Amino acid sequence: MSLLYTESRDDIDQRLFLGTLEKGFAVLQAFCNNPRPMTMAQVATAAGMNKSAVQRILYTLRSMGLLIHDNRTKQYRLAPRTLDLGNAYLRGNPAVESTFPFLLEANKKVRETVNLTELVDTDIMYISRVHSRDVLSSYVTIGQRFPAFATAPGRAILAHLPEDERNALLDRSEFTALTPKTRTTRPEIDAAIAEVHELGVAIAREETVLGDISIAAAILGPDGLPLAAINVAAPAARWPDAKMQAEIVPVVQDTARRLSKIFVQQHWV
């Protein structure tokens, strides 16, 4: 099963832990990891479970309105109702609403896409976004995830983690290239993370999406630990290094500093 835990499995109290719920989530996670319609056999393989258990879970989730079953193809897919949980998170997260004006302000200054991201295990997840009006803007949706090691916001966050936590996270990461320009060796990644302190921002050129450049800075708590990250994503061809350093980097740094104060003032830490 490919599950994410908020604590080490060794620290979980098995007297309180519901294995049945874990299996149900494993099936839902299978659809997150493989965003396409799947047969029962395919779900069982993706979830790492036997068909008998998967059959009962699929039936239950379908009865609850969380899955849709196509009688013709015998395939299952997520139902619209599964969006409720993600939307509830966004509505209930005060950081999303309160930081949006700052993202919008940064967007107006650089006229490029501005994102707010959080670290989720070894990935970064987009939780808020102000689009560029340019049709060339890369297509990323709220809730989408990318490996932290390969992204500017991910590296900005990693650079401010305690060394032992950062190493543990990187040890769990799979260094798979997203583009031909993705840095995938540990020395390259360590060097990219070290650059964050030298440059004041993290910069990734075409490492996540070909043709895109991403500039990011971490939003820090009073203890200096990262809470989230803001980044500007733009077409690389439009932003040669000198122009990017002069116009985008100051905006990203200033926005990150202001958001760090907001996070503390609003007691989100």
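Before any of the text, the structure's been laid out above.
About the cut-offs
- Residues numbered from 1 in each chain as written.
- Predicted model: local features only at pLDDT ≥ 70, side-chain atom pairs only at ≥ 80, totals over all residues.
- Heavy atoms only, no water.
- Axes fitted to C-alpha atoms, helices over the stretch in contact; angles between N-to-C directions.
- Helix = DSSP H or I, 4+ residues; strand = E, 2+ residues; numbered from the N terminus.
- Parallel < 35°, antiparallel > 145°, perpendicular 65-115°, else oblique.
- Left-handed = near helix turned anticlockwise from the far one by under 90°.
- Contact = heavy atoms within 4.5 Å.
- Nonpolar A, V, L, I, M, F, W, Y, C, P; charged D, E, K, R; others polar.
- Expected span 1.5 Å × (residues − 1).
- Buried < 20%, exposed > 50% of the residue type's maximum accessible area, 1.4 Å probe, protein only.
- Arc of directions from axis to C-beta.
- Phe/Tyr/Trp six-rings, centres within 6.5 Å; stacked < 30°, edge-to-face > 60°.
- Lys NZ or Arg CZ within 6 Å of the ring centre and 35° of its normal.
- Core = buried A, V, L, I, M, F, W, Y, C linked by side-chain atoms within 4.5 Å.
- Pairing = 2+ DSSP bridges.
- Salt bridge = Lys/Arg side-chain N within 4 Å of Asp/Glu carboxyl O.

(A) Quick peek at the packing of helix 2 (residues 40-47) against helix 3 (residues 51-63). Packing of helix 2 against helix 3 leaves a shortest axis separation of 9 Å and a crossing angle of 110°. As summarised for this structure, helix 2 and helix 3 are arranged roughly perpendicular, according to the angle between their axes. Classified by chirality, the crossing of helix 3 by helix 2 is right-handed. Between helix 2 and helix 3, the contacting residues are M40, A41, V43 and A44 on the first element and K51, V54, Q55 and L58 on the second. The residue makeup of the contact of helix 2 with helix 3, split by class, is six nonpolar, one polar and one charged.

(B) Region of the structure containing helix 10 (residues 249-265). The first and last C-alpha atoms of helix 10 sit 25 Å apart over 17 residues, in line with the 24 Å expected at 1.5 Å per residue. All of the buried residues along helix 10 are V249, V251, V252, T255, A256, L259, S260, I262 and F263. Angular distribution of buried residues about the axis of helix 10 spans 165°; they occupy a single face of the element. Along helix 10, the residues that are exposed and aim more than 90 degrees away from the buried face are K261 and Q265. Against helix 5 (94-110), strand 8 (212-220), strand 9 (226-235) and helix 9 (241-247) lie the buried residues of helix 10.

(C) Region of the structure containing unusual backbone geometry. Even without being glycine, D121 reaches a positive phi, approximately 55°. As for its placement among the helices and strands, D121 is situated in the loop between strand 4 (113-120) and strand 5 (123-130). One non-glycine residue with positive phi stands out, namely E206, at about 60°.

(D) Structural detail: the packing of aromatic side chains. What the rule picks out here adds up to two aromatic pairs. Between Y126 and F146, the ring centres sit 6.1 Å apart and the planes meet at 85°, which makes this aromatic pair edge-to-face. Of this pair, Y126 sits in strand 5 while F146 sits in strand 6 (residues 145-147), and the two are 20 residues apart along the sequence. Taken individually, Y126 and F146 each receive the classification buried, so the pair is uniform in this respect. A centroid spacing of 5.0 Å and a plane angle of 70° characterise the contact between F149 and F175, whose relative ring orientation is edge-to-face. Of this pair, F149 sits in the loop between strand 6 and helix 6 (152-159) while F175 sits in the loop between helix 7 (163-172) and helix 8 (186-199), placing them 26 residues apart in sequence. If you follow K243 out to its NZ or CZ, it ends over the ring of W239, 4.6 Å from the centre.

(E) Spotlight on the environment of Q42. Here Q42 lies in helix 2. Once the C-alpha coordinates of Q42 and D121 are considered, the two residues, 79 residues apart in sequence, prove to be 25 Å apart. Discounting residues that sit within four places of it in the chain, Q42 has contacts with P37 and Q75.

(F) Inspection of the nonpolar core at higher detail. Grouped together as the largest cluster of nonpolar side chains are 31 residues, with contacts concentrated most on I215, M244, I248 and V252. Considering every element that reaches this core, the biggest residue donor is helix 10, with seven residues. Excluding its chain neighbours within four sequence positions, the residues that come into contact with I248 are V110, I215, V232, W239 and K243. Formed by 23 residues, the second largest nonpolar core is a distinct cluster that contains Y126, A156, I189 and A218.

(G) Focus on the sheet that holds strand 1 (residues 38-39). Strand order across the open sheet formed by three strands is 1-3-2, with antiparallel pairing between neighbours. Both edges of this open sheet fall to strand 1 and strand 2 (67-70), since each of them pairs with a single strand only. Here strand 2 pairs with strand 3 (residues 75-78) via four bridges, running antiparallel. Paired with L67 across the bridge in strand 3 is L78. Across the face of the sheet, helix 1 (residues 19-33) comes into contact with strand 1, strand 2 and strand 3 while running at roughly 85° to strand 3.

(H) Highlighting the sheet that holds strand 6. Read across the sheet, six strands follow the order 6-5-4-9-8-7 without closing on themselves; strand pairing throughout is antiparallel. Each end of this open sheet is capped by a strand with a single partner; those strands are strand 6 and strand 7 (202-205). Across the sheet, the mean angle separating the axes of adjacent strands is 30° when strand polarity is ignored. Direction of pairing for strand 5 relative to strand 6: antiparallel, over a ladder of three bridges.

(I) Inspection of the pattern of salt bridges at higher detail. Counted by the stated rule, this structure contains 13 salt bridges. Between E112 and R238 there is a salt bridge, and its shortest N-O distance comes to 2.8 Å. Of this pair, E112 sits in the loop between helix 5 and strand 4 while R238 sits in the loop between strand 9 and helix 9, placing them 126 residues apart in sequence. Judged by relative accessible area, R238 falls into the partly exposed class, the value being 26%. With a shortest N-O distance of 4.0 Å, R205 and D241 are connected by a salt bridge. Of this pair, R205 sits in strand 7 while D241 sits in helix 9, and the two are 36 residues apart along the sequence. Three or more residues joined by partner-sharing salt bridges are found here, namely E105, K109, D254 and R258.

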